[in-house]
Amino acid sequence: MAAAGGSARSTLAHLLADELSTAADTVVLDLAPRLTSPWPAWAGGSPAGGLANLPADEPLTRSHIRGAAMVRRAPGGAWGVLTDGREWHAAPLTLPSQPAAWYQLAAAGGWQCLVADTAHPMAHDVLAARCSGAQSLTRAWYDLPFAVPILCAPATADGMQTLQQAVMVLHAEGLPLQRTVVVLAATASGRPPAVVRAAATMLSVRAAAVVHLPHDADIRANGLQAQPARIRSRTREAARELATAVLAAAHETFGDPLPHAPQPAPLPPVAVPAA
């Protein structure tokens, strides 16, 4: 999740999937509208049909779901991406907003670990739901089995102000910040500004961990379209730190080893009348 745009949220999802794929069968769920998402380009060249090949009006087999996932190669293995990879002029897909639907899709596909690249405005979502008396999408993501939210923001003065407001909203709503990992994404090389260091110190006592993602000029210039992409060693180290923090938060909250996650209930058999 992100407190604002331009926070390297999708880049973090990619780096995290790279690291987690060495330990678990991993899939990334792309929840952003197609024409605002980098994932179709990052997963380009795959023969998979993507989310458009998963009809909403009939049961899906594991092989059907797996076949729709585009494969992304990583230094330590590979992981899947479920995204809308159609041409730009295709009609937008109607996708479910509720996290439970995506959890069931990933579970039915047999993946052990899912990384959800969310696209909803998090703080606005929580505040609007609180005022209307409904459940927020953010809380629904928090409530999924063994969920470890990652809240990212650009490491700038404006980014820290937006991040602190988001943290205040989460705290007021009673969401568990103690299992939330915060990532501060640098927008330039060099030491983080004083306001960023101060915010990191403040957040370190509230969140499960605070991870600094360094500025990577190669990613900034070329993106992550190459397979595998050129990623600097400092960026890889930060990604490993992030994956370690996520797993530590999960184990500390839910146990080590993690219990078996709930599986979606199978559909009951449908009686077909004799001809």
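Residues numbered from 1 in each chain as written. Predicted model: local features only at pLDDT ≥ 70, side-chain atom pairs only at ≥ 80, totals over all residues. Heavy atoms only, no water.

### Here we look at the overall build of the protein
Inclusion rule: Here a strand is any run of E in DSSP of at least two residues, a helix any run of H or I of at least four, and the numbering for each starts at the N terminus. When accessible area is computed with a 1.4 Å probe and restricted to protein chains, residues below 20% of their type maximum are described as buried, those above 50% as exposed, and intermediate ones as partly exposed. It only takes one pair of heavy atoms within 4.5 Å for two residues to be counted as in contact.
When you go through the protein residue by residue, the secondary structure sums to 10 helices and seven strands. Counting only C-alpha atoms, the protein reaches 75 × 45 × 40 Å along its principal axes. Among the 275 residues that make up the protein, the fraction classed as buried is 43%. Taking all contacts inside the protein whose residues are at least 6 apart in sequence as the whole, residues at least 24 apart take part in 75%.

### Observations concerning the sheet that holds strand S5 (residues 150-154)
As a reminder of what qualifies: Between any two strands, at least two bridges found by DSSP are needed for them to pair. In this analysis, axes come from line fits to C-alpha atoms, helices being fitted only over the stretch in contact, and the angle between any two N-to-C directions falls in the range 0 to 180 degrees.
Sheet architecture is open: three strands sit in the order S5-S6-S7, paired in parallel fashion. The open sheet has two edge strands, S5 and strand S7 (209-213), and neither has a second partner. On average, each strand axis in the sheet is inclined to that of its neighbour by 20°, with strand direction left out of account. The pairing of strand S6 (residues 181-185) with S7 spans five bridges and is classified as parallel. Bridge pairing in S7 links Val 183 to Val 211. Helix H8 (residues 194-204) rests against S6 and S7 of the sheet, and its axis sits at about 150° to S7.

### Some points on the packing of aromatic side chains
Keep this limit in mind: Aromatic contacts are taken between Phe, Tyr and Trp rings whose centres are within 6.5 Å, Trp giving its six-membered ring; a plane angle under 30 degrees counts as stacked, one over 60 as edge-to-face, and the others as tilted.
Across all of its chains, the model carries three aromatic pairs by this definition. Ring geometry for Trp 39 against Trp 42: centres 4.9 Å apart, planes inclined by 75°, an arrangement best described as edge-to-face. With a gap of three residues between them, Trp 39 and Trp 42 both fall in helix H2 (residues 39-42), about one helical turn apart. Of the two residues, Trp 39 and Trp 42, both sit in the buried class. Ring centres of Phe 146 and Phe 254 lie 5.3 Å apart, and the angle between their planes is 70°; on these two criteria the pair is classed as edge-to-face. With Phe 146 in the loop between helix H6 (137-142) and S5 and Phe 254 in helix H10 (residues 233-254), this residue pair connects regions lying 108 residues apart in the sequence. The class for Phe 146 is partly exposed, based on a relative accessible area of 23%. Residue classification places Phe 254 among the partly exposed residues on the basis of a relative accessible area of 26%. Taken together, the aromatic side chains of Trp 39, Trp 42 and Trp 79 make up a single cluster linked through ring pairs.

### A look at the packing of helix H5 (residues 122-132) against helix H7 (residues 157-173)
Worth spelling out the cut-off: Handedness of each helix crossing follows the sense of rotation of the near helix against the far helix: counterclockwise by less than a right angle gives left-handed, clockwise gives right-handed. When residue character is reported, Ala, Val, Leu, Ile, Met, Phe, Trp, Tyr, Cys and Pro are called nonpolar, Asp, Glu, Lys and Arg charged, and the others, Gly included, polar.
Axis separation between H5 and H7 bottoms out at 9 Å; the angle between their running directions is 35°. Crossing angle aside, the handedness with which H5 passes H7 is left-handed. The residues of H7 that touch H5, namely those facing Met 122, Ala 123, Val 126, Leu 127 and Arg 130, are Ala 166, Val 169, Leu 170, Ala 172 and Glu 173. Class assignment of the residues belonging to the contact of H5 with H7 gives a composition of eight nonpolar, no polar and two charged.

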